[in-house]
Amino acid sequence: MISIITAIYNQLAMNRIYYDSIVKNTDSEFELIIIDNGSTDGSTEFFKSLGDNVHVIENDGNYSYSYCQNVGIKAAKGAVYAFLNND
């Protein structure tokens, strides 16, 4: 399984495109780990609504890219990690 780790902050429209692209282009089993830096535009709720293979971790502030990736690594269950940006 692949663990796809992505930090987000808002960009709901882009997040919808991003998720659709992952589903369309990923042939392997995957989990998507979203590290949310305090989104206020519905992005958090969007990712939470997608099912069991999407895990949302909510930060209490807007943290750096490397901090978010480390949070994602700690939560990952896959044998391979992919670090992707939503844009």
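Rules used in this analysis
Residues numbered from 1 in each chain as written. Predicted model: local features only at pLDDT ≥ 70, side-chain atom pairs only at ≥ 80, totals over all residues. Heavy atoms only, no water. Phe/Tyr/Trp six-rings, centres within 6.5 Å; stacked < 30°, edge-to-face > 60°. Buried < 20%, exposed > 50% of the residue type's maximum accessible area, 1.4 Å probe, protein only. Salt bridge = Lys/Arg side-chain N within 4 Å of Asp/Glu carboxyl O. Helix = DSSP H or I, 4+ residues; strand = E, 2+ residues; numbered from the N terminus. Arc of directions from axis to C-beta. Contact = heavy atoms within 4.5 Å.

A. Representation of the packing of aromatic side chains in the model. Evaluation of the coordinates by the stated rule reveals three aromatic pairs. Ring plane angle 65° and centroid distance 5.1 Å describe the contact between F46 and F47, whose orientation is recorded as edge-to-face. The pair formed by F46 and F47 is uniform in burial state, with each residue classed as buried.

B. Seen up close, the pattern of salt bridges. Summed over the entire model, instances satisfying the criterion amount to one salt bridge. One salt bridge connects K48 with E58, and the closest N-O pair in it is separated by 2.7 Å. Of this pair, K48 sits in helix α2 (residues 43-48) while E58 sits in strand β3 (residues 54-58), placing them 10 residues apart in sequence. Under the relative-accessibility criterion, E58 is labelled partly exposed at 49%.

C. Layout of helix α3 (residues 65-75). Inspection of α3 places C68, Q69, V71 and G72 among the buried residues, and these make up the whole buried set. Angular distribution of buried residues about the axis of α3 spans 160°; they occupy a single face of the element. The inward-facing, buried residues of α3 contact β1 (2-8), β2 (30-36), β3 and β4 (80-83).

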